Amino acid sequence: MQGNSPGGPADGRLPGARSGEVGAETVGEAEAVFKTFGETKALIDVSLRVLSGECHGLVGRNGAGKSTLVTLLTGLARPDRGTIRLAQLPAPSLSDRGAWLARVACVYQRSMVVPPLTVAENVFLNRPTNGEGSPIVNWRRMRERAHDVMLEWGFDIDVDQEAGRLTVEQRQIVEIARALSIGARFLILDEPTSSLEKAAVERLFERVKRLRDGGVGVLYISHHLEEIYEICDRVSVLRDGELVLSGNVGDISQQNLVAAMVGSAPPRHAGEIEAVSKQGALGEYRLKVTNLSVSSRSGSVAELSLEVRAGECLGLVGLEGSGSSTVADAIVGLVKPFAGTVEVNGKSVPRGKVDAVLRRGVGYVPQDRHARGFAPQLGVGENLTLAILERISNPVIGIVSFKERDRIAQEQAQKLQIVARSLQQPVASLSGGNQQKVVVGRALAPNPSVLVVVNPTVGVDVASKEALLDAVGRARDEGMAVLLVSDDFEDLRICTRLLVMVRGRIAREFDRPPWDRQRLIAAVEGLEPAAAAMMGSDG
Amino acid sequence: MAETAADREPAAAGARIAGRDWRLVVINWFRELTLVPVIIVLMIAGAIVNSVFFTTSNLINVAQGGADLGMVVVAESLILLTGKFDISLQGTFGLAPLLGAWLIAPRLSSGLGTEWSPWVGLLIVLGVGLLVGAFNGFLVIKANFNAFIFTLAMSILLTGLQLGWLGGQTVYNLPSAFIYLGSESWFGVPVSVWVTVATFVVAALFLRYHRIGRAMYAIGGNLEAARAAGIKVDRIRIGVFMVASLLAAVGGLMQAGRVTAVTAGQGSNLIFGVFAAAVIGGISLEGGRGRMMGALTGVILLSLVTNILTLSNISSTWIDAVDGAIILIALGLARLIGTERT
């Protein structure tokens, strides 16, 4: 299932970049590494080799051992058994950070740039620019050399800019440039596309191809299997700490890949937009947004109107910056619109007051679970009931009933298949998928009449994704009015209607499933409706 | 993003999750009580240093000194839990009782001469506390001033007012109702000690069992998550500032009662001991972590240290230095045994 978007070249793979090519040397290698944490075996005799000039995909569910492998390959931990080799040399000692940085770099999901410093300073962080060993900063040379690195790899960034003003995509580039300028030829990209919009993903692919052609070996970790097929030459699958599959991408079908990740019984909908087949009768209007206008740095909205009825799941689709997530924020009151009204159950809600909006029967799953989703130090049970503290406590004196809290938390935990040691386990120590389930459970716990969900499946494994979408789908079937804001097409399978947003306005409506992927992509990318219709002519 | 053992999950999803994890419960309690061995060691040291240490009157003395400090520690801990802090609590500790005393004391003992009823004076003390707290809370939370620099400035202002108002004089000759908290005893134990212990207990129960108490932990742990869950984060945080200042004013009243006067220097440098006690006791400066039980052990430890230093005949000019060194050692210990959380 190649992502055949109209704008993106999916066939840009160059000959000579194939794995197993004569002359390709190993840039990074794990040989039969074994690692335990306490009782748990995180990695069991895993062998993996990344060659220069290849992009090697690494997939697996959360907790399969990917992150552990990355910590071993980047020298943050030492394997119990087995060897790590970089550039065909035995791994340096853990304390010799400089030697590690010169051979391998990992670009993490969360940015490691220092916001108040310039791009050039970030590229040359903690490195002499005035000759070896000199503690004096040579600003002119630093800027020149940073500029040279950008030029050499075709990155288009002004090196004098403050890094804090960069987009997520540009910060990634700064980190890659830093690694390349130190001399590393082994790059690990850990979920690099999770917070990028579609066009930025295409540009990232271009850069990865350029790196590959320049002899860099890339280990590409992603939950998005179509990306693996688009960009990777080889792929390895980890499951429960073991390497269960490894081979050329072309030889492995997506079905087999998913099967290898999940073990027995692949999930039903993996990788496809499969829309709801049955659709119950729609109820009354639950959410009504009229002429909403918001100005926001993350995408402004102009005179937008939409309605969601009971039992309906409206998908609001748009690129980052299109304003789609701003609509959600404005509805729940996190940002204050300068015009327009939001009505919940026929009554307009006050602007910019989250607690008042939620009290009217709105459930909310925020975009970024780390920023707004949960209190990390509190337990699963407390986080699940955070939005219903008033309901589980005595109305007069306010004492919280722990019994009631545990009961409701237990109910949500089972509905969403949350895996935790106990209801008191701090959410910080759960895997990403389970953290997100807690956030969704928190929104569902009050049994709201309207549910506003933003990107509910970012950075979670395939099985968790299914559990999350199923839970929201069930809520819709039970008569909740759901507004789902997402740019992940797989999320849209639970929607009954779609609105596509481009630059703050609704560009197109798709009124019944199944969704035509090409038309959808064309609309999201802001192509003219006529052109879009032509492209998806046989849909 | 390293996976630890805790991240790895059993394969069976959808299974019932254990409600109580007793291991976690025990670990948490153990954490709160880790200072107890240190306190016992200190008591043995105290007994060795001076035989006076283990007399009833000395121990009551320690408790009474700890009571004033303890009120402010409860106050500061509440604010710390919600992720902010307030340096000006020491200013309120001094200024609030001073204003009350000034309005009720006769002109001869540095009063204004209005000689209002002591009950009005008490209301004024509490009122000043609430007012300062509301002002701080509103400007730090709503107007988004940096808590550190704003409450530091407030602290300097309040302490300056306290000094300037009466030209550095001490207000004395106070009516018994006004000094009741600090001067009377129930069953041989000063009222202030009873009140402070009760305040600790109520605060602990409130934090554990009240919906606003739980919301405070959520706010301190992740403000935006609490806001997105519909918790009235601003109202609660301003309320916490007000309650904290109120408690600080009551603490000041206790000290005024103990010395039966309000000096111009009451409350100076108090806040450092307050922060030290809270942090040693496991209240995180980052917010969202820590319990009242731990904070109480922090207060006890600090009060014992002060008392033992006084008893040990160390030259008074050296007491501050030794005090500081011992706080540092206690912090080191707390780090070792894991109560201090940065």
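Source: prediction; values computed, not measured.

It is worth spelling out the overall build of chain A at this point. For chain A, the helix and strand inventory stands at 17 helices and 20 strands. Taking all 539 residues of chain A together, 52% fall into the buried category. Across chain A, the fraction of contacts at a sequence separation of at least 24, relative to all contacts at a separation of at least 6, is 69%.

This part covers the overall build of chain B. Along its length, chain B carries 14 helices and four strands. Against the globule reference of 20 Å for 342 residues, chain B gives a C-alpha radius of gyration of 21 Å, in line with a compact fold. For chain B, the spread of C-alpha atoms along the three principal axes comes to 80 × 50 × 35 Å. Here chain B holds 342 residues, and the buried ones make up 50% of them. Here the contacts in chain B between residues at least 6 apart in sequence split such that 78% fall between residues at least 24 apart.

Facing the 40 residues of chain B at the interface are 52 residues of chain A. With seven residues, helix α9 (residues 211-221) of chain B is the single largest residue contributor to the side of chain B that touches chain A. The residue makeup of the side of chain B that touches chain A, split by class, is 19 nonpolar, eight polar and 13 charged.

Now for helix α15 (residues 462-477) of chain A. Residue and element names in this part refer to chain A. Taking 1.5 Å of rise per residue, the 16 residues of α15 would be expected to cover 22 Å, and the 22 Å separating its terminal C-alpha atoms lies within 8% of that figure. Within α15, the full set of buried residues consists of V462, A463, S464, K465, A467, L468, L469, A471, V472, A475 and R476. Those residues of α15 that are buried lie in contact with α8 (254-262), β13 (313-317), α13 (402-415), α14 (432-444), β17 (450-454) and β18 (481-486).

Further remarks concern the confidence of the model for chain A. Residue and element names in this part refer to chain A. On average, residues of chain A carry a pLDDT of 84, and 88% of them reach 70 or more. Confidence scores differ between elements of chain A, with helix α17 (residues 529-535) showing the lowest mean pLDDT of 42 and β17 the highest of 95. In this model residues 1-22 is a low-confidence stretch, pLDDT under 50, and it forms 36 contacts with partners more than four residues away in sequence or in other chains. Taken together, the stretch residues 528-539 has pLDDT below 50 and engages in 17 contacts with residues farther than four places along the chain or on a different chain.

In this section: unusual backbone geometry. All names here are of chain A. Looking along the chain, the bond that leaves P513 and enters P514 is cis, with omega of 0°. Within the secondary structure layout, P514 lies in the loop between β20 (505-510) and α16 (517-524). Here the phi dihedral of A87 falls at roughly 45°; this positive angle occurs in a residue that is not glycine. Mapping A87 onto the fold places it in the loop between β4 (81-86) and β5 (89-90). What makes A87 partly exposed here is the crowd of 18 C-beta atoms within 10 Å. Here N447, not a glycine, exhibits a phi torsion of approximately 55°, which is positive. Locating N447 in the fold gives a position in the loop between α14 and β17.

Quick look at the confidence of the model for chain B now. Looking at chain B, the pLDDT average stands at 87 and 93% of residues meet or exceed 70. Segment residues 1-14 of chain B is flagged for pLDDT under 50; beyond a separation of four residues in sequence, or across chains, it makes 32 contacts in the model.

Let us look at the pairing of strand β1 (residues 26-37) of chain A. Bridging between β1(A) and strand β2 (residues 40-51) of chain A involves eight bridges; their strand directions are antiparallel. Note on β2(A): the bridge partner recorded for A:K35 is A:L43.

Strand pairing in a sheet relies on backbone hydrogen bonds. The paired strands run either parallel or antiparallel. All names here are of chain A. Spatially, the four strands line up as an open sheet ordered β2-β1-β4-β5, and their pairing is antiparallel. If you trace the sheet from one side to the other, it starts and ends with β2 and β5, each paired once. Direction of pairing for β4 relative to β5: antiparallel, over a ladder of two bridges. If you follow L86 over to β5, its bridge partner there is L89. Strand contacts of helix α1 (residues 66-73): β1, β2 and β4, with the helix running at about 120° to β1, the strand carrying the most contacts.

Moving on to helix α9 (residues 324-332) of chain A. Working note: α-helix, 3.6 residues per turn, so residues spaced by three or four point in the same direction. Buried residues dominate α9(A), accounting for nine of its nine residues. Of the residues making up α9(A), those classed as buried are A:S324, A:S325, A:T326, A:V327, A:A328, A:D329, A:A330, A:I331 and A:V332.

Quick look at the domain arrangement of chain A now. According to the domain assignment, chain A contains domain 1 (26-113 + 167-262), domain 2 (114-165) and domain 3 (285-535). The distance between the C-alpha centroids of domain 2 of chain A and domain 3 of chain A comes to 40 Å.

Once that is clear, we can look at the environment of B:L131. Looking at the secondary structure, you find B:L131 in helix α5 (residues 118-142). Sequence-wise, B:L131 and B:A153 are 22 residues apart; in three dimensions their C-alpha atoms are separated by 16 Å.

Take the sheet that holds strand β14 (residues 339-344) of chain A next. Residue and element names in this part refer to chain A. Pairing is antiparallel in the open sheet, where four strands are placed in the order β12-β11-β14-β15. Edge positions in the sheet fall to β12 (301-309) and β15 (347-348), since each has one partner strand and no second. Taken together, the six bridges between strand β11 (residues 285-294) and β12 define a ladder with antiparallel strand orientation. Each bridged residue has a counterpart across the sheet, and for V289 the counterpart in β12 is L306. Contacting β11, β12 and β14, α9 runs over the sheet at an angle of about 110° to β11.

Moving on: the packing of helix α12 (residues 270-280) of chain B against helix α13 (residues 292-311) of chain B. Residues and elements named next belong to chain B. Put simply, α12 and α13 touch, their axes get as near as 7 Å, and they point 125° apart. Here α12 is positioned oblique relative to α13, judged by the angle of their axes. As α12 runs across α13, the sense of the crossing is right-handed. Residues G273, A276, A277, A278 and I280 of α12 form the contact with α13, whose own contacting residues are A295, G298, V299, L301 and L302. For the contact of α12 with α13, the per-class residue count stands at eight nonpolar, two polar and no charged.

Next up on the list: the packing of helix α3 (residues 56-81) of chain B against α13(B). All names here are of chain B. Closest axis-to-axis distance for the α3/α13 pair is 9 Å, and the angle between their directions is 140°. Overall, the two elements α3 and α13 adopt an arrangement that is oblique. The handedness of the crossing between α3 and α13 is right-handed. Here V62, G65, G66, L69, G70, V73, V74 and S77 of α3 lie close against α13, whose contacting residues are M292, A295, G298, V299, I300, L302, S303, L304, T306 and N307. Of the residues belonging to the contact of α3 with α13, the class tally is ten nonpolar, eight polar and no charged.

Right, let's get into the environment of B:A261. Residue and element names in this part refer to chain B. Structurally, A261 can be placed in strand β4 (residues 261-262). The class of A261 is buried, set by 20 C-beta atoms lying within 10 Å. In this structure A261 touches T170, V171, Y172, L174 and A256, once residues within four positions along its chain are discounted.

All right, on to the pairing of strand β7 (residues 186-190) of chain A then. For a regular strand, the rule is simple: side chains alternate between the two faces of the sheet. All names here are of chain A. Across the five residues that make up β7, a large majority, five, are buried. Of the two faces of β7, both are covered, the one formed by F186, I188 and D190 as well as the one formed by L187 and L189. Strand direction decides the pairing type here: strand β6 (residues 105-107) and β7, joined by three bridges, are parallel. Residue A105 lies in a different strand from β7, and its bridge partner there is L187. Pairing of β7 with strand β8 (residues 217-221), which is carried by five bridges, proceeds in the parallel orientation. When the bridges of β8 are listed, L187 appears paired with V218.

Calculation criteria
- Along each chain, residues carry numbers from 1 onward, in the same order as the chain's sequence is written.
- Each chain gets a letter, beginning with A, and each ligand a number, beginning with 1, in the order they are written.
- Where local features are concerned, this predicted model is filtered to residues with pLDDT of at least 70; where side-chain atom pairs are given and counted, the filter is 80 or more; whole-chain, interface and lining totals use all residues.
- Helix numbering and strand numbering both begin at the N terminus, where a helix is a DSSP run of H or I of at least 4 residues and a strand a DSSP run of E of at least 2.
- Residue burial here comes from a neighbour count, namely the number of other C-beta atoms, placed from the backbone, that lie within 10 Å of the residue's own C-beta, with 20 or more meaning buried, 12 or fewer meaning exposed, and in between meaning partly exposed.
- This entry defines residue contacts through backbone-placed C-beta atoms, with two residues in contact when those atoms are within 7 Å.
- Put simply, the radius of gyration uses C-alpha atoms, and a globule should come to 2.2 Å times the residue count raised to 0.38.
- Classification convention: Asp, Glu, Lys, Arg as charged; Ala, Val, Leu, Ile, Met, Phe, Trp, Tyr, Cys, Pro as nonpolar; all other residues, Gly among them, as polar.
- Expected helix span is taken as 1.5 Å per residue step, with the number of steps being one fewer than the number of residues.
- Residue-level confidence of the predictor, termed pLDDT, takes values from 0 up to 100.
- If DSSP finds at least two bridges between two strands, the strands pair.
- Orientation is described by axes fitted as lines to C-alpha atoms, over the contacting stretch for helices, and by angles from 0 to 180 degrees between their N-to-C directions.
- Here the limits of each domain have been adopted from an automatic or database domain assignment.
- Put simply, angles under 35 degrees are roughly parallel, angles over 145 are roughly antiparallel, angles from 65 to 115 are roughly perpendicular, and the rest are oblique.
- By convention, the crossing between two helices is left-handed when the near helix turns anticlockwise from the far helix through less than a right angle, and right-handed when the turn is clockwise.

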